[in-house]
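# Structural description and commentary
As a plain string of letters, each chain reads:
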Amino acid sequence: WKRTDLLLDGVKVDIAIRGPWASDPGAVAGIRGLLRAIADSQTKVFGRYASESLLLVVLPAEQTTLVASPRSLVLRCPQTEAPEKDTLLALQVAEAHFHLWNGTRFRPRQSDTAPFRPGHAAWFSEGAGAWYALRTAYEVGLISDEQLLATLNEWMAAYAAHPDALRATTADFEARY
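Presented here is a report on the structure given in the accompanying data block. (Residues numbered from 1 in each chain as written. Predicted model: local features only at pLDDT ≥ 70, side-chain atom pairs only at ≥ 80, totals over all residues. Heavy atoms only, no water.)

### Points about empty space enclosed by the protein
What counts is decided by this rule: Both cavities and pockets are sets of points on a 1 Å grid over the protein atoms alone; in a cavity a 1.4 Å probe fits but cannot get out, in a pocket the set is open with protein on both sides within 12 Å along at least five of seven lines, and lining residues sit with an atom within 4 Å of a point. Grid points are joined across faces, edges and corners, and a volume is the space filled by probe spheres set on the points. Here a strand is any run of E in DSSP of at least two residues, a helix any run of H or I of at least four, and the numbering for each starts at the N terminus. Here the nonpolar group is Ala, Val, Leu, Ile, Met, Phe, Trp, Tyr, Cys and Pro; Asp, Glu, Lys and Arg are the charged ones; every other residue, Gly included, is treated as polar.
Summed over all chains, the structure comprises 1 cavity of 30 Å³ or more. Of all elements in the fold, only helix 1 (25–46), strand 3 (53–60) and helix 2 (87–102) reach the threshold of two or more residues within the lining of the largest cavity. For the lining of the largest cavity, the residue count by class is 8 nonpolar, no polar and no charged.

Shown next as structure tokens:
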């Protein structure tokens, strides 16, 4: 384990790293740099960091997954690239930050068997989290103009092609929150 901490606008972030990155000073600095860039981006949008303190645990894995709780993020990810250049890692952490910031205020009130169809509140809230993550990755320089536009066009096309997209009304949407 490598333990380090970071102070972001008065917020203490404790970082615990296990695996190849733990013994690589450049990787540890990269994780710290990526977190600082994400926090700076978040502060621009929301005015402050999502919580008063945060624990980030980084573990090696074959695929990137992240579990977020109110004051901690457990990130499992391949540790092959420089973390400050890892777009998937940045997307996962930025989206988790978005959910940390919003807590339960930005979650749907309803339960549904198909929550990710267009017009459903969960689809909207998860889409907002994905948009925030994409925007953050773009702002910190991990996604180019072309990649941003291509992703947004894919999202719009998928939404427009979904049969439920045109049936949802404003009243339907408001009733779901």
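### Regarding the sheet that holds strand 3
Each strand in a sheet pairs with another by means of backbone hydrogen bonds, the pair being arranged parallel or else antiparallel. This is how it is decided: We call two strands paired when DSSP finds no fewer than two bridges between them. Each axis is a line fitted through C-alpha atoms, taken for helices only over the stretch in contact, and angles between the N-to-C directions span 0 to 180 degrees.
Spatially, the 5 strands line up as an open sheet ordered 1-2-3-5-4, and their pairing is mixed. Two strands bound the open sheet, and with one partner strand each, they are strand 1 (2–8) and strand 4 (65–69). Between one strand axis and the next, the sheet turns through 15° on average, direction left out of account. Here strand 3 pairs with strand 5 (residues 72–77) via 6 bridges, running parallel. Opposite Val 57, over in strand 5, you have Val 74 as the bridge partner.

### Points about helix 1
Here is the rule we go by: In this scheme, a helix's expected span is set at 1.5 Å multiplied by one less than its residue total. Think of it in three bands: residues with accessible area under 20% of the maximum for their type are buried, residues over 50% are exposed, and the middle band is partly exposed, with areas taken using a 1.4 Å probe on protein chains only. For this quantity, the arc is that covered by the directions from the helix axis to the C-beta atoms.
Between its terminal C-alpha atoms helix 1 stretches 31 Å, which fits the 32 Å expected from 22 residues at 1.5 Å a residue. For helix 1, every residue scored as buried is listed here: Ala 27, Val 28, Gly 30, Ile 31, Leu 34, Leu 35, Ile 38, Ala 39, Ser 41 and Gln 42. Buried residues in helix 1, looked at end-on, bunch into an arc of 165°, giving them a common side. Residues of helix 1 that are exposed and point more than 90 degrees away from the buried face comprise Pro 25 and Lys 44.

### Describing the pairing of strand 3
Side-chain direction in a regular strand flips from residue to residue, so the side chains alternate between the two faces of the sheet. As paired elements, strand 2 (residues 11–17) and strand 3 share 6 bridges and run parallel to each other. What sits directly across from Ala 16, in strand 3, is Val 57.

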